[in-house]
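# Secondary and tertiary structure notes
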Amino acid sequence: MSSFDAIRDLLVEKFQISADEIRLEATLEDLGLDSLSVVELLFDLEDLFGIELPQEEAQGLVTLGDAVEAVDRRRRQADG
Amino acid sequence: MDRRVVVTGIGVVVPHGRGIDPVFDAVHRGCSAIDLVETGSAELATLELLARCPVDVATEVTGPRRILMDRVSMLAAVAGRDAVSDAGLDGPGELADAGLFVGCAIGGAEAIQAAHERYVGRRTRRIRPTSVPMGMPSAPTAHLGIDLGIRGPAVTFSVACSSSSIAVGEGALAIRHGRIDRALVGGSEAMLNDVSVAAWQSMGVLAASDPEEPAASCRPFDAGRTGFVLGEGAAFLVLEERESALARGAPIRAEIVGYGTSNDAVSLTDPDAEGQARAIRAAPHDAGVAPESIGYVNAHATATEVGDVAEVEAIRAVFGIRAGRLAVSSTKSMHGHLIGAAGALEAALTIEAVRTGRIPPTANLRAKDPACDVDVVPDPGRTDAELEFALSNSFAFGGSNAALLFRKP
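Keep in mind the model is a prediction, meaning the values are calculated, not measured.

## Side note on the overall build of chain B
Check the secondary structure of chain B and you find 13 helices and 16 strands. Relative to the compact-globule value of 22 Å for 409 residues, chain B shows a C-alpha radius of gyration of 20 Å, a close match. Within chain B, the proportion of its 409 residues that are buried is 60%. Of the contacts formed within chain B by residues at least 6 apart in sequence, a portion of 78% connects residues at least 24 apart. Summing over all exposed atoms, chain B offers an accessible surface of approximately 15,100 Å²; the carbon and sulfur share of this is 52%. Of the side-chain charges in chain B, 37 are positive and 50 negative, and the distance between the mean point of each set is 5 Å.

## Examining the interface of chain A and chain B
If you look at the interface, chain A gives 15 residues, while chain B gives 14 residues. A buried area of about 1,300 Å², summed over both sides, lies between chain A and chain B, and 49% of it is on carbon and sulfur atoms. Put simply, chain A and chain B have 8 salt bridges between them. Examining the composition of the side of chain A that touches chain B, we find that 8 residues originate from one element, helix α2 (residues 35–49) of chain A, more than from any other. The class makeup of the residues in the side of chain A that touches chain B is 5 nonpolar, 3 polar and 7 charged.

## Let's talk about the domain arrangement of chain B
Residue and element names in this part refer to chain B. Splitting chain B by domain gives domain 1 (5–247) and domain 2 (258–407). Each of domain 1 and domain 2 has a C-alpha centre, and these two points are 21 Å apart. The interface is formed by 66 residues belonging to domain 1 together with 67 residues belonging to domain 2. Linking domain 1 with domain 2 are 5 salt bridges, by the criterion used here. The closest approach of N and O atoms between R366 and D210, which form a salt bridge, is 3.1 Å. There are 28 residue pairs in polar contact (both at pLDDT 80 or more) connecting domain 1 and domain 2. Listed by contribution, the elements that provide at least two residues to the side of domain 1 that touches domain 2 are β1 (5–14), α1 (20–29), α7 (163–176), β7 (182–189), α8 (194–203), β8 (230–231) and β9 (233–241). In terms of residue count, α7 provides more of the side of domain 1 that touches domain 2 than any other element does, 9 residues in total. Here the side of domain 1 that touches domain 2 is built from residues that sort into 37 nonpolar, 18 polar and 11 charged.

## What about the packing of aromatic side chains?
Scanning the entire structure with this criterion turns up 3 aromatic pairs over all chains. Between B:W200 and B:F228 the ring centres are 5.7 Å apart and the planes differ by 70°, which places this aromatic pair in the edge-to-face class. With B:W200 in helix α8 and B:F228 in the loop between α8 and β8, this residue pair connects regions lying 28 residues apart in the sequence. Both residues of the pair, B:W200 and B:F228, count as buried. With a centroid separation of 5.7 Å and an interplanar angle of 20°, the aromatic rings of B:W200 and B:F397 are classed as stacked. With a gap of 197 residues between them, B:W200 in helix α8 and B:F397 in the loop between β15 (389–395) and β16 (400–407) connect regions that are remote in the sequence. On the basis of relative accessible area, B:F397 is assigned to the partly exposed category, the value being 31%. Cation over ring: B:R126 sits above A:F43, and NZ or CZ is 5.4 Å from the ring centre.

## Description of the pairing of strand β3 (residues 35–39) of chain B
All names here are of chain B. Relative to strand β4 (residues 46–51), β3 runs antiparallel, the two being bridged by 5 bridges. Bridging across to β4, D35 finds its partner in L50. Where β3 folds back on β4, the antiparallel hairpin that results is connected by 6 residues, among which G40 adopts a positive phi of roughly 95°.

## Structural notes on the side chain of B:S163
Residue and element names in this part refer to chain B. Structurally, the position occupied by S163 is in helix α7. On the basis of relative accessible area, S163 is assigned to the buried category, the value being 0%. Here V159 takes part through its backbone nitrogen, which lies 2.7 Å from a polar atom of the side chain of S163. At a separation of 2.6 Å, a polar atom in the side chain of S163 contacts the main-chain carbonyl oxygen of A160. Contacts of S163, omitting those with residues within four sequence positions, involve G103, C104, A105, F157, S158 and G340.

## Quick word on α7(B)
Residues and elements named next belong to chain B. An ideal rise of 1.5 Å per residue puts 20 Å on 14 residues; α7 measures up with 20 Å between its terminal C-alpha atoms. Among the 14 residues in α7, 13 count as buried, and that is most of the element. Backbone geometry just downstream of α7 places G178 in the positive-phi region, at approximately 85°.

## A closer look at empty space enclosed by the protein
Taken as a whole, this structure holds 2 cavities of 30 Å³ or more when the rule is applied. Here the largest cavity defines a volume of roughly 50 Å³. Taken together, A:V39, A:L42, A:F43, A:E46, A:L53, A:P54, A:Q55, A:A58 and B:R126 make up the full set of residues lining the largest cavity. With 4 residues, the single largest contributor to the lining of the largest cavity is α2(A). In the lining of the largest cavity, the residues fall into 6 nonpolar, 1 polar and 2 charged. Roughly 40 Å³ of volume is contained in the second largest cavity. What lines the second largest cavity is B:A172, B:L173, B:R176, B:I256, B:V257, B:G258 and B:Y259. Within the residue set of the lining of the second largest cavity, elements represented by two or more residues are α7 and β10 (254–263) of chain B. The element contributing the most residues to the lining of the second largest cavity is β10(B), with 4 residues. In terms of residue class, the lining of the second largest cavity is built from 5 nonpolar, 1 polar and 1 charged.

## So, the confidence of the model for chain A
Scored by pLDDT, chain A comes out at a mean of 90, with 99% of its residues at no less than 70. Across chain A, helix α1 (residues 3–13) of chain A holds the top mean pLDDT of 93, while helix α3 (residues 55–59) of chain A sits lowest at 81.

## So, the sheet that holds β8(B)
Residue and element names in this part refer to chain B. Spatially, the 3 strands line up as an open sheet ordered β3-β4-β8, and their pairing is mixed. The two strands at the open ends of the sheet, each matched to only one other strand, are β3 and β8. Set on the sheet, α8 makes contact with β3, β4 and β8; between it and β4 the angle comes to about 90°.

Basis of the calculations
Residues numbered from 1 in each chain as written. Chains lettered and ligands numbered in written order. Predicted model: local features only at pLDDT ≥ 70, side-chain atom pairs only at ≥ 80, totals over all residues. Heavy atoms only, no water. Helix = DSSP H or I, 4+ residues; strand = E, 2+ residues; numbered from the N terminus. Rg over C-alpha atoms; globule rule 2.2 N^0.38 Å. Buried < 20%, exposed > 50% of the residue type's maximum accessible area, 1.4 Å probe, protein only. Contact = heavy atoms within 4.5 Å. Areas by Shrake-Rupley, 256 points an atom, 1.4 Å probe, with all protein chains shown as cover. Lys, Arg positive; Asp, Glu negative; His and termini not counted. Charge placed at Lys NZ, Arg CZ, Asp CG, Glu CD. Buried area = accessible area lost by both parts, 1.4 Å probe. Salt bridge = Lys/Arg side-chain N within 4 Å of Asp/Glu carboxyl O. Nonpolar A, V, L, I, M, F, W, Y, C, P; charged D, E, K, R; others polar. Domains from an automatic or database assignment. Polar contact = N/O pair within 3.5 Å; in protein donor to acceptor, adjacent residues only side chain to side chain. Phe/Tyr/Trp six-rings, centres within 6.5 Å; stacked < 30°, edge-to-face > 60°. Lys NZ or Arg CZ within 6 Å of the ring centre and 35° of its normal. Pairing = 2+ DSSP bridges. Expected span 1.5 Å × (residues − 1). 1 Å grid on protein atoms, 1.4 Å probe; cavity = no way out; pocket = protein on both sides within 12 Å on 5 of 7 lines; lining within 4 Å. Points joined across faces, edges and corners; volume = space filled by probe spheres on them. pLDDT = per-residue confidence, 0-100. Axes fitted to C-alpha atoms, helices over the stretch in contact; angles between N-to-C directions.

If you want it as structure tokens, here you go:
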């Protein structure tokens, strides 16, 4: 599953964010995710893909695209 | 003159389902919500007697805050909302000055177990930060406050099995003393995660499954009893100062006229009849009525030998020779032991008993223990048109006892 699809499904099912708000350029803030929610989302992604996203990296995420990119990078490292 | 306190709303989300009318009917009919169910992790799977709440609360709770809600807070959110709507106080601002008094013995047990599983299972210190606000015993209180806009005193009582009786009693006192006019009071508990169940199992207080009929395994006051069954759920009441409730034409289910509480100061786990008797005696004393006026006692009676016998001894100490004619039933035989939510659920059932004159039975009696020499209302429930006052007892590990006295409106 692509990182974007996984994040979209989590945001819709667990965080109950409407699917049409979920675009790569949307900021996490626009989606109504506060800092605790962002950390919770990252833990879910770590569990889903078996990766680790360091806290420092998490703090730099602004848009949903940033999150997808960070997850993709870690997944490539995990595969390689 | 003292300000009087009435109950104007009830919300229950408990093993028998949702809504006080169907729940009370099932209990009065003697229906058990206890079942032998699969529980535990894959490698430690086991069958346990549990009284699970069948209501799908996760779909009832919406919005971004749901990711911070353990099951205990979801149960509370639904039951609290139902109580407020039953009282007709769901309009904006109706509860702005109200108080919130909530019993919870454990807190977010599932979130805490999940955090420990992660720490041990993955050997990591990277633990979800949400486990902090999800695990705290005051989480249900906090969510209810935000959901319902309750901005007066918001207090959580963690007093083991007396938690929510004490929450109800303290909420009533706050109204009587004029600090507030309205309060949402009750309790929530969701601790059927397997670590909790296994720890209770080790205490040797849980019922053995009846080979023919698992639902009938909890047998308070019976010579063949083996212990209790853990349950989960939430129960809430709306309390109001009587004059203001009457002025707005509120539906009045009962009046809470007395609250007694005492501490054994004896043992962490053994009951003490003398301590219990002091709480029971204090309730009618607080109400200014004679104990003889009480027609029904919803007993704490968990179906442990020491517990049931101590409670009957306490009841006999207070009611004397009249104890033999007093109806004393244990509804835990059907809904299990909801720990921190037990007192509030049993208070709700006691309120309905006194309002309707229908006395719920003690289910599953086969041969009454001769040491429990009171009228334990064998199945099925009965009707007593004369019933005016009813008492609900709760006794906790740690020795804290509470008794709530309700009067027909």
